[in-house]
Amino acid sequence: MNLELDDDQRLLKEMVDRFAEDTGGLDSHRAAARTAAGWSENAWQGMADLGLTAVMVSEPAGGLGGGGAELMILGEAIGRHLLAVPYLDTAILCGTALSAAPAPLRERALGELLDGSRRYALVTGAISDDEGTLTGKAHGFFGCGTAEAFIVDTGHAFYLVDAGAPGLSRAARPLHGGGTAADVRLDGVRGEQIAAGDEAARLRLELRDRRVAFLAAEALGAAEGAFEATSDYLKTRVQFGKPLASNQALQHRAAEMLVEIEQLRSAAILAACSLEEPVADERERIMAAVSIVAVKTGRFVAQQAVQLHGGIGVTEEHAVGHWFLRLTAIGLLLDGVSATRTLAGLGGFVAAAPYWEAAA
Amino acid sequence: MDLRPTPEEAAFRREVRDFIRAELDPATHRKMLDGRLPNRDEVVAWQRALNARGWATPAWPREHGGPGWGPVERAIFLDELHQAPAPEPVSFNVAMLGPVLIRYGTEAQKNRFLGPTANLDIWWCQGFSEPGAGSDLAAVRTRAVRDGDDYVVTGHKIWQGMAHHADWMFTLVRTDPTAAKRQAGLSFLLIDLRLPGVTIRPIITIDGRHEVNEVFLDEVRVPADCLVGAENDGWTVTKALLSSERTNIARIGMTKHILRRIKTQAAGDAGLLAKAAAIEAELRMLEVTQLRILDAQRRSDGADPRSSVLKLKGVELRQAASELLVQAIGPAALRADPEGPEAIEDAQGTALPNYAVLRAASIYGGASEVQKTILAKNVLGL
Ligand SMILES: Cc1cc2nc3c(=O)[nH]c(=O)nc-3n(C[C@H](O)[C@H](O)[C@H](O)COP(=O)(O)OP(=O)(O)OC[C@H]3O[C@@H](n4cnc5c(N)ncnc54)[C@H](O)[C@@H]3O)c2cc1C
């Protein structure tokens, strides 16, 4: 066990935190939500210029080969400062998928992703694949309405397709909180294969785990932001002639939020430390448990943060409402209900057998 | 970042487990597996077996007979006991009194008490609470008046766990009723329960068992050499005692044991197993929280305010698991034993009493409401 960051990680954290603090925040988040893409081009380009888009791309593919700690640093800062960037969808999911592509495709496509010049998004669906000619319906969330290229997970293989390719059409719709989702129709569209067979199956799990770990870290950042705002508000807002914080009922609520945030931090750390867990079932159990806890704690902190702000908490003008919405979205994406089913289906962490038999 | 145990930690865990398997009396183990309580003789035998191995006093320094473990080893040891499950060394002796005697006791007191305390030749109970002093411990009224070489002690203590098994009691008494600050008039006194004037009355808890007691003190003459620390400085000693073993309060291994029983009971019931999974997910994170605190302790061993988190969440999950076990058994959990709860021999019969009495876990050792106030004050600066 060792939970310290190493020197490189500490430097990365300083840089990412400073960047997110300078570039993010309520105003830029609100402005970004009104754009078609739903993110701040300025912030995204800034991350590309600093090389931050390449942090989670493997070293052979030309990235920095970041692991769980780096992922957590990025997720936490983005959540904390409401930084409106497609980091998960583009840099992590598409970047990881493209890292697995054959060299020529990888070099071309990944280069355009990392320098911020081309917008990628991941869509999934049951797609029939006739030697690289794809037919069927896929869908995806953030960034799919404005993507210039799609990575398509057909259920069997991963392909790269151009958004303007003949036979491709999409129906975009806006998302609560900004950005666009899309249903994508593929009608005999030519795709370039990224991975198939066992390699595609491995990649799908890698994307699952990175997605859970990033969302848990982002939830942690958002919960911390919401909590700090709440704690400040309790100390400064005066009613009945005294600060709200002097009421024990509210002190205890704040303490309960803190307990849940510690649990959430543990969930984010556990996910980050488990990306390389070699036993597949154990990794799946951990990611399910992380999802369950991130959903539960995120919802509690989000709801209490709004409640303790009073009326201002339900307005679009205050950051706390935006953290609330983001935590709500993360809760839906992590899907606590199916994660609970998954963990139970895998038998949970302890077996029915007595300890000495199970641990023998 | 890495949460995995080091090879040394894994080997240590194995060593502890092998020792418990080899040395724990199978009858005691059977009781613990079924959620029954070991009797006095069984607890004493087990503590002596641990003491013979040098493991009865995990938190004591080596020069006083401790094993010289760091916080991580201590946590592993306790976790193996909880998961086995096996009795813990009596915490009044080894987690509470021992460390403060080592820190505040005179040489004579250490020589007299430490050995018998480790070996459970003396069983200690904790005489802090009173009818008027619960969460507000500084309200203690039991009086100790110096008279020659003795203190004459009169008062009413309540909730003494295992006092009916105990030989001695450590207490907080009032030596200066005129002190400007209530805390400044208190002293820490060791009382031999065989002294004239001591009466112990049982209190039966809602599980039907006899675990706690009232202790009445009626002009008990306690030799003055039983004072620990300076007169009127008992609050300092008490605070140190109450803060001991802060990181081991999550009791995660105990909750895992209850979860194992739930899984045996609920096999095939998807609804119950989903509820168990929800508890397990949180418990897994609490384990990480505990590791984070242990990791920080290796670098600095000051009090960690996050230990309130361990207590609050640890108790919440243990109570939730005990409740789910009762639900899994259903109305059959209501079946009692005609001979009383201590005679219950089947695993199902202990679930309801254990659930009921576990409600106390959020009341003693710093009630949950008090923990929340501490968290809010310390961590939030509210
Ligand atoms: C099973 C069991 C074993 C015990 N063993 C021992 C023992 O061995 N030795 C010993 O000395 N004592 C022991 N105790 C006593 C224990 O320490 C006290 O019960 C505890 O300190 C609470 O005190 P109280 O019961 O008087 O409750 P109170 O302090 O009266 O509290 C009642 C309720 O009010 C809440 N409350 C109190 N103050 C506040 C506040 N300021 N703000 C908000 N809420 C508040 C509490 O959280 C609780 O919910 C034991 C108790 C139990 C139940």
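Just so it is clear, the model here is predicted, and its values are computed rather than measured.

Engineer: Could you give me a rundown of the UniProt feature "domain: Acyl-CoA dehydrogenase/oxidase C-terminal" (unreviewed entry) in chain A, with the residues and numbers involved?
Structural biologist: Under the feature "domain: Acyl-CoA dehydrogenase/oxidase C-terminal" (unreviewed entry), the UniProt entry names residues 215-327 of chain A. Along residues 215-327 of chain A the backbone is 77% helical and 4% strand, and the end-to-end C-alpha distance reaches 9 Å.

Engineer: Give a detailed account of the interface of chain A and chain B, specifying residues and quantitative values.
Structural biologist: Interface size is often expressed as the accessible area that is lost when the parts come together. On the side of chain B, 57 residues touch chain A, which itself brings 52 residues to the contact. Of the roughly 4,700 Å² buried between chain A and chain B on both sides combined, carbon and sulfur atoms contribute 66%. Its largest share of buried area at the contact with chain B, chain A owes to A:Met1, A:Tyr355 and A:Trp356, together 22% of the area lost on that side. Counting across the chain A and chain B interface gives four salt bridges. Scanning the region where chain A abuts chain B turns up 23 residue pairs in polar contact (both at pLDDT 80 or more). Listed by contribution, the elements that provide at least two residues to the side of chain A that touches chain B are helix 4 (68-80), helix 7 (197-236), helix 8 (248-273), helix 9 (280-309), helix 11 (336-345) and helix 12 (355-358) of chain A.

Engineer: Residue-level account of the site of the ligand, with values.
Structural biologist: Close to the ligand lie 16 residues; A:Gln248, B:Ser129, B:Ser135, B:Trp159 and B:Glu369 are nearest. Nearby residues place the ligand at the junction of chains A and B. Within the backbone of B:Phe128, one N or O atom sits 3.0 Å away from an oxygen atom of the ligand. Taking B:Ser129, its side chain carries an N or O atom lying 2.8 Å from a nitrogen atom of the ligand. Considering the ligand on its own, with 970 Å² of exposed area, one finds that the protein chains cover 65% of that surface. Built from parts of two domains, the shell around the ligand gets at least three residues from each of domain 2 (124-238) and domain 3 (246-378) of chain B.

Engineer: So what's going on with helix 10 (residues 307-329) of chain B? Residues and values would help.
Structural biologist: Relative to the 33 Å expected for 23 residues at 1.5 Å per residue, helix 10 of chain B spans 33 Å between its end C-alpha atoms, a close match to the ideal helical length. One or two positions beyond helix 10 of chain B, positive phi appears at B:Gly330, with a value near 80°.

Engineer: Help me get a handle on the domain arrangement of chain B, residues and values and all.
Structural biologist: Residue and element names in this part refer to chain B. Per the domain assignment, the segments making up chain B are domain 1 (7-89), domain 2 (124-238) and domain 3 (246-378). Centre-to-centre separation of domain 2 and domain 3, based on C-alpha positions: 30 Å. Each partner contributes to the interface: domain 2 provides eight residues, whereas domain 3 provides seven residues. Where domain 2 touches domain 3, the interface holds zero salt bridges. Between the two partners, domain 2 and domain 3, sit one residue pair in polar contact (both at pLDDT 80 or more). Residue composition of the side of domain 2 that touches domain 3, grouped by class: one nonpolar, four polar and three charged.

Engineer: Requested: an account of the pattern of salt bridges, with residues and values cited.
Structural biologist: This model, assessed by the stated rule, comprises 47 salt bridges over all chains. Residues A:Glu316 and A:Arg30 are paired through a salt bridge, measuring 2.9 Å at the closest nitrogen-oxygen approach. Taken together, the residues span a long stretch of sequence, with A:Glu316 in the loop between helix 9 and helix 10 (319-334) and A:Arg30 in helix 2 (residues 26-33) at a distance of 286 residues. Look at A:Glu316 and you get partly exposed, because its relative accessible area is 40%. Between B:Lys263 and B:Glu280 there is a salt bridge, with the nearest N and O atoms lying 2.6 Å from each other.

What counts, and at which threshold
- Residues numbered from 1 in each chain as written.
- Chains lettered and ligands numbered in written order.
- Predicted model: local features only at pLDDT ≥ 70, side-chain atom pairs only at ≥ 80, totals over all residues.
- Heavy atoms only, no water.
- UniProt positions renumbered as here; feature names shortened; annotations may be inferred.
- Helix = DSSP H or I, 4+ residues; strand = E, 2+ residues; numbered from the N terminus.
- Contact = heavy atoms within 4.5 Å.
- Buried area = accessible area lost by both parts, 1.4 Å probe.
- Salt bridge = Lys/Arg side-chain N within 4 Å of Asp/Glu carboxyl O.
- Polar contact = N/O pair within 3.5 Å; in protein donor to acceptor, adjacent residues only side chain to side chain.
- Near = heavy atom within 4 Å.
- Areas by Shrake-Rupley, 256 points an atom, 1.4 Å probe, with all protein chains shown as cover.
- Domains from an automatic or database assignment.
- Expected span 1.5 Å × (residues − 1).
- Nonpolar A, V, L, I, M, F, W, Y, C, P; charged D, E, K, R; others polar.
- Buried < 20%, exposed > 50% of the residue type's maximum accessible area, 1.4 Å probe, protein only.

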